[in-house]
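Overview (structure and organization)
Listed below, chain by chain, are the residues.
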Amino acid sequence: MNKITIIGRGPSWKECPFETDDLWAPVTCLTVDGLKDKNFTKLFFFDDWSREDIKKGLAIAKERGITVVSLLSDIGERYPLREVIRDCRSSYFLNTVSYMLALAIHLKYSKIYLYGIDQGPLWELWQGKAHINFWIGFALGRGIEVIMGRNSLRWAYNVGERPPVEAMEIPEELRLANRICV
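Residues numbered from 1 in each chain as written. Predicted model: local features only at pLDDT ≥ 70, side-chain atom pairs only at ≥ 80, totals over all residues. Heavy atoms only, no water.

**Some details on the pattern of salt bridges**
- Going through the model one piece at a time under the given rule, you end up with seven salt bridges.
- The shortest N-O distance in the salt bridge between Lys111 and Glu145 comes to 3.6 Å. You can see Lys111 sitting in strand S6 (residues 111–115) and its partner Glu145 sitting in strand S7 (residues 145–148), a full 34 residues away along the chain.
- Note on Glu145: relative accessible area 30%, which makes it partly exposed. (Salt bridge = Lys/Arg side-chain N within 4 Å of Asp/Glu carboxyl O. Helix = DSSP H or I, 4+ residues; strand = E, 2+ residues; numbered from the N terminus. Buried < 20%, exposed > 50% of the residue type's maximum accessible area, 1.4 Å probe, protein only.)

**Quick look at the pairing of S6**
- Extensive coverage of S6 is indicated by the burial of five of its five residues.
- Burial along S6 is two-sided: Lys111, Tyr113 and Tyr115 and Ile112 and Leu114, pointing in opposite directions, are all buried.

**Overview of the nonpolar core**
- Within the largest apolar cluster, 30 residues are counted, with the highest numbers of intra-cluster contacts made by Ile6, Trp24, Tyr79, Leu101, Ile112 and Leu114.
- Going through the elements one at a time, strand S1 (3–7), helix H2 (81–88), helix H3 (96–106), S6, helix H4 (123–141) and S7 are the ones with two or more residues in this core.
- Not counting residues within four places of it along the chain, the set of residues in contact with Tyr79 comprises Phe44, Phe46, Val69, Ser70, Leu71, Val84, Phe93, Tyr99, Ala102 and Leu103.
- Counting 21 residues, the second-largest nonpolar core is a separate cluster that includes Cys16, Ala25, Phe40 and Phe45. (Core = buried A, V, L, I, M, F, W, Y, C linked by side-chain atoms within 4.5 Å. Contact = heavy atoms within 4.5 Å.)

**Some details on the side chain of Thr28**
- With respect to the helices, strands and loops of the structure, Thr28 is situated in the loop between strand S2 (22–26) and strand S3 (42–45).
- Among all residues touching Thr28, those that are not within four sequence positions of it are Arg9, Arg51, Asp53 and Ile54.

**Quick notes on the packing of H2 against H3**
- In the contact formed by H2 and H3, the axes pass within 10 Å of each other and the chain directions differ by 65 degrees. Looking at the two axes, H2 sits roughly perpendicular to H3. Judged by the twist between their axes, the crossing of H2 over H3 is left-handed. Seen from H2, the contacting residues are Leu81, Glu83, Val84, Asp87 and Cys88; seen from H3, they are Tyr99, Ala102, Leu103, Ile105 and His106.
- Broken down by class, the residue content of the contact of H2 with H3 amounts to seven nonpolar, one polar and two charged. (Axes fitted to C-alpha atoms, helices over the stretch in contact; angles between N-to-C directions. Parallel < 35°, antiparallel > 145°, perpendicular 65-115°, else oblique. Left-handed = near helix turned anticlockwise from the far one by under 90°. Nonpolar A, V, L, I, M, F, W, Y, C, P; charged D, E, K, R; others polar.)

**Describing the confidence of the model for the chain**
- Across the chain, the average pLDDT comes to 83, with 77% of residues at 70 or higher.
- Per-residue pLDDT stays below 50 along residues 155–159; that stretch engages in ten contacts with residues further than four places along the chain or on separate chains.
- Throughout residues 174–182 the model reports pLDDT below 50, and contacts reaching past four residues in sequence, or to other chains, amount to 26 contacts. (pLDDT = per-residue confidence, 0-100.)

**Observations regarding the sheet that holds S2**
- Pairing in this open sheet of seven strands is parallel, and the strands run S5-S4-S3-S2-S1-S6-S7 from one edge to the other. Two strands in the sheet have a free side with no partner beyond their single neighbour: strand S5 (77–78) and S7.
- One ladder, built from three bridges, connects S1 with S2; its direction is parallel. Residue pairing in the sheet places Ile4 in a bridge with Asp22 of S2.
- Packed onto the sheet, H3 meets S1, S2, S3 and S6 and runs at close to 155 degrees relative to S2. (Pairing = 2+ DSSP bridges.)

**Here's the deal with the packing of aromatic side chains**
- Evaluated as defined, the whole model comprises 13 aromatic pairs.
- Between Phe93 and Trp135 the ring centres are 5.4 Å apart and the planes differ by 15 degrees, which places this aromatic pair in the stacked class. Separated by 42 residues along the polypeptide, Phe93 in the loop between H2 and H3 and Trp135 in helix H4 bring together distant segments of the chain.
- Ring pairing ties together the aromatic residues Trp24, Phe44, Phe46, Tyr79, Tyr92, Phe93, Tyr99, Tyr109, Phe134, Trp135 and Phe138, which thus form one cluster.
- Above the ring of Phe18, the side-chain terminus of Lys38 is found at 4.5 Å from the ring centroid. (Phe/Tyr/Trp six-rings, centres within 6.5 Å; stacked < 30°, edge-to-face > 60°. Lys NZ or Arg CZ within 6 Å of the ring centre and 35° of its normal.)

**Quick look at the side chain of Ser90**
- Topologically, Ser90 is positioned in the loop between H2 and H3.
- What makes Ser90 buried here is its relative accessible area of 12%.
- Among the polar contacts made by the side chain of Ser90, one reaches the main-chain amide nitrogen of Tyr92 at a distance of 3.2 Å.
- Those residues in contact with Ser90 that sit more than four places away from it in its chain are Ile85, Phe134 and Trp135. (Polar contact = N/O pair within 3.5 Å; in protein donor to acceptor, adjacent residues only side chain to side chain.)

Here it is in structure tokens:
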């Protein structure tokens, strides 16, 4: 039974126990205090070259010898886009997390943990939420268990507000994505 953790920069990354053998993240996670020292097995780059956090993350990844997966062949490992599309029969990608989820499905991980995929409050993050939800549903349809941090897509993210009380009391076995509608 192979397990993977996919982590983002959202606040819920702090809930992550970092217990799986494989840890994937966008390359920008290398610029976040508390995340930059983690043992990433792969980093992903599908964003705009001009962003400073991207440039810094790519430089750190190169220095640490961490594999970077991208659609660009000169970055590192080329993302197997055609193989993923053929296998999943979908090309519903927008953000880096949607690509990571699709690849984890394609590689037949049996359990996917999601932390820091909070998708708010910026519009660009809300825009990608549907794509992430699609791939979570796709994973569930393939019998892959998906476990999320309490604030990863589960609850509305409102700046300055605490999560609902019920979000703080959910036991591990109920954190499955198939219970997203409470």
